Amino acid sequence: MKRAVCVLGAVLVILGLTSCANKYGAVIYDNAREWIKEEFAENNRVWEYYEGEEQLTGSYPSSRSFLVKDEQRFKEIFVEEPQGLEVNFENEMLAVYTFRAIYIRNMKIDSVKVESDTVGVYLEYAKAKVGVGDAVAPYQRWVVVKMDKLDVSELDMGILK
């Protein structure tokens with residue numbers, strides 16, 4: 001009986017810690033390119049990547065981020081009915097991040113922070129397995145993070161090194 005109470009206590013502590021780690025209900029959707037409208041993707045390229053055999057260069061930023069808080073902005077960015085993505089804009093919003101990637105490792109959320117009028121969403125690559133190569137030719141990668149709707153108008157989003 002004493003052991004069962006200790007195990008139950010440990011489980012409750014672990015659940016409490018994990019729920020505090022993501023107090024904004026953030027969920028990541030990695031490699032979300034198929035959800036992005038072609039025209040939007042073309043108008044929001046990032047610096048130097050390959051598309052097929054063609055190397056795209058120019059004066060583009062290394063990353064771009066977009067805050068999506070309503071249906072109108074959603075329709076500007078996303079294809080009609082993106083499979084697997086449902087958003088209730090009354091209480092949810094999206095952070096969209098595109099960047100020049102050279103790794104195919106999965107992304108995960110490191111932290112979500114709110115300061116004043118800005119939400120900061122910080123990502124990191126999942127740990128690589130030792131001895132497994134995962135670097136590829138540069139490509140433009142898209143990540144979407146769905147979270148609770150916040151009273152912010154600015155987005156700071158990036159990858160922690």
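Small disclaimer: the values here were computed from a predicted structure and weren't measured.

Trainee: It is not clear to me how the pattern of salt bridges should be interpreted in this structure. Could you clarify?
Mentor: Once the charged atoms of two side chains with opposite charge are near each other, the side chains can pair. Under the defined criterion, the tally for this structure stands at five salt bridges. The partner of Lys146 in a salt bridge is Glu92, with the nearest N and O atoms 3.9 Å apart. Placement of the pair is Lys146 in strand 8 (residues 135-148) and Glu92 in strand 5 (residues 92-103), with a sequence separation of 54 residues. Overall, the relative accessible area of 13% leaves Lys146 in the buried class. Notably, a salt bridge pairs Lys108 with Glu124, separated by 3.8 Å at the nearest N-O pair. A residue pair is termed long-range when its members are at least 10 positions apart, and Lys108 in strand 6 (residues 107-115) and Glu124 in strand 7 (residues 118-125) qualify at 16 residues. Taking relative accessible area as the criterion, Lys108 reaches 35% and is therefore assigned partly exposed.

Trainee: What am I meant to see in the sheet that holds strand 9 (residues 154-159) here?
Mentor: Through backbone hydrogen bonds, the strands of a sheet pair up, either in parallel or in antiparallel fashion. Pairing is mixed in the open sheet, where three strands are placed in the order 6-7-9. On the outer flanks of this sheet lie strand 6 and strand 9, each paired with one strand and no other. Averaged over all pairs of adjacent strands, the angle between strand axes in this sheet comes to 15°, irrespective of strand direction.

Trainee: Honestly, the side chain of Asn44 in this entry has me stumped. Any pointers?
Mentor: As for its position among the elements, Asn44 is in the loop between helix 2 (38-43) and strand 2 (49-51). The exposure class assigned to Asn44 is buried, which follows from its relative accessible area of 10%. Excluding its chain neighbours within four sequence positions, the residues that come into contact with Asn44 are Arg64, Phe66, Thr98, Gln140 and Trp142.

Trainee: Honestly, the layout of surface pockets in this entry has me stumped. Any pointers?
Mentor: To locate leftover empty space, one rolls a probe as large as a water molecule over the atoms. Within this model, the largest pocket holds a volume of roughly 260 Å³. Every residue along the wall of the largest pocket is listed here: Ser62, Ser63, Tyr97, Phe99, Arg100, Ala101, Ile102, Tyr103, Tyr125, Ile159, Leu160 and Lys161. Classifying every residue of the lining of the largest pocket by side-chain character gives eight nonpolar, two polar and two charged.

Trainee: How should I be thinking about the pairing of strand 7 in this particular structure?
Mentor: Within a regular strand, the side chains alternate between the two sheet faces. By the criterion of burial, strand 7 is predominantly enclosed, with seven of the eight residues buried. Bridge count between strand 6 and strand 7: eight bridges; the pairing is antiparallel. In the strand pairing of strand 7, Ile109 is matched with Leu123. Hairpin geometry of strand 6 and strand 7 is characterised by an intervening segment of two residues between the two adjacent antiparallel strands and by a positive phi of about 60° at Ser116. Relative to strand 9, strand 7 is paired through six bridges, and the arrangement is parallel. The residue bridging Val119 from the neighbouring strand is Leu155, located in strand 9.

Trainee: When you look at the sheet that holds strand 8 in this model, what are you seeing that I'm missing?
Mentor: Sheet architecture is open: four strands sit in the order 1-8-5-4, paired in antiparallel fashion. Single-partner strands in this sheet number two, and they are strand 1 (27-29) and strand 4 (63-68). Strand-to-strand, the axes of this sheet are offset by a mean angle of 20°, without reference to chain direction. Bridge count between strand 5 and strand 8: eleven bridges; the pairing is antiparallel. For Leu94, the partnering residue across the bridge sits in strand 8 and is Lys146.

About the criteria used
- Residues numbered from 1 in each chain as written.
- Predicted model: local features only at pLDDT ≥ 70, side-chain atom pairs only at ≥ 80, totals over all residues.
- Heavy atoms only, no water.
- Salt bridge = Lys/Arg side-chain N within 4 Å of Asp/Glu carboxyl O.
- Helix = DSSP H or I, 4+ residues; strand = E, 2+ residues; numbered from the N terminus.
- Buried < 20%, exposed > 50% of the residue type's maximum accessible area, 1.4 Å probe, protein only.
- Pairing = 2+ DSSP bridges.
- Axes fitted to C-alpha atoms, helices over the stretch in contact; angles between N-to-C directions.
- Contact = heavy atoms within 4.5 Å.
- 1 Å grid on protein atoms, 1.4 Å probe; cavity = no way out; pocket = protein on both sides within 12 Å on 5 of 7 lines; lining within 4 Å.
- Points joined across faces, edges and corners; volume = space filled by probe spheres on them.
- Nonpolar A, V, L, I, M, F, W, Y, C, P; charged D, E, K, R; others polar.

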